[in-house]
Amino acid sequence: MNIPQELKYTKDHEWVKIDGDIATVGITEFAQGELGDIVYVEVETVDETLEREEVFGTVEAVKTVSDLFAPLTGKVVEFNESLEDEPEKVNNDPFGEGWMVKIKFTKPSEVEDLLSAQAYKDIVGN
């Protein structure tokens with residue numbers, strides 16, 4: 001299973017790429033594998049400020065719907081609109097073209113609470 005070392009992770013199986021005060025967020029390879037074929041990604045929180053662990057959207061797979069949680073407090077500044085027409089990008093490239101949102105985070109200290117790649121590996125038993 002691919003768990004890139006340079007990313008941070010949440011216990012909710014999301015990955016986070018930090019670039020300045022912008023966090024790009026998606027779901028991990030483990031999560032998309034557990035969900036199965038992704039058929040729809042819904043994010044209606046663009047331009048909203050969310051607290052850490054608030055729901056920013058949902059991902060719908062053939063067998064279930066799961067909430068997506070903000071890994072950091074901040075404003076959702078962008079949604080990967082290509083997922084509206086091609087939600088399968090989440091399955092095919094979860095760490096690349098399958099990213100979901102960008103959050104301009106406002107509490108940098110929360111980054112320290114995210115999991116390292118090794119800590120996430122320990123959770124998923126990899």
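For the structure itself, consult the block above.
Residues numbered from 1 in each chain as written. Predicted model: local features only at pLDDT ≥ 70, side-chain atom pairs only at ≥ 80, totals over all residues. Heavy atoms only, no water.

A word on the packing of aromatic side chains
Then comes step 1: Counted under the stated rule, the structure contains 2 aromatic pairs.
Then comes step 2: Plain terms: the ring middles of Y9 and Y120 are 4.9 Å apart, the flat faces sit at 10° to each other, and that makes the pair stacked. Of the two residues, Y9 sits in strand β1 (residues 8-9) while Y120 sits in helix α4 (residues 117-124), which places them 111 residues apart along the sequence.
Then comes step 3: Ring geometry for W15 and F95: centres 6.0 Å apart, planes at 45°, overall tilted. Of this pair, W15 sits in strand β2 (residues 14-19) while F95 sits in the loop between α3 (89-92) and β9 (101-105), placing them 80 residues apart in sequence. (Phe/Tyr/Trp six-rings, centres within 6.5 Å; stacked < 30°, edge-to-face > 60°. Helix = DSSP H or I, 4+ residues; strand = E, 2+ residues; numbered from the N terminus.)

What about the sheet that holds strand β4 (residues 38-42)?
Backbone-to-backbone hydrogen bonds join strands into a sheet, with any given pair of strands oriented parallel or antiparallel.
Then comes step 1: Strand order in this open sheet of 3 strands is β4-β6-β7, and the pairing throughout is antiparallel. Bordering the open sheet on either side are β4 and β7 (65-69), each of which pairs with just one other strand. Between one strand axis and the next, the sheet turns through 25° on average, direction left out of account. (Pairing = 2+ DSSP bridges. Axes fitted to C-alpha atoms, helices over the stretch in contact; angles between N-to-C directions.)

So, the pattern of salt bridges
Then comes step 1: Enumeration over the complete set of coordinates arrives at 8 salt bridges.
Then comes step 2: Between E86 and K89 there is a salt bridge, with its nearest N and O atoms 3.6 Å apart.
Then comes step 3: Accessibility expressed as a relative area gives 15% for K89, which makes it buried.
Then comes step 4: Where E97 meets K89, a salt bridge forms, and the shortest distance between an N and an O atom there is 3.8 Å.
Then comes step 5: What you see here is one network of salt bridges that share partners, running through K11, D12 and E53. (Salt bridge = Lys/Arg side-chain N within 4 Å of Asp/Glu carboxyl O. Buried < 20%, exposed > 50% of the residue type's maximum accessible area, 1.4 Å probe, protein only.)

No statement about biological role is implied by the geometric values presented.
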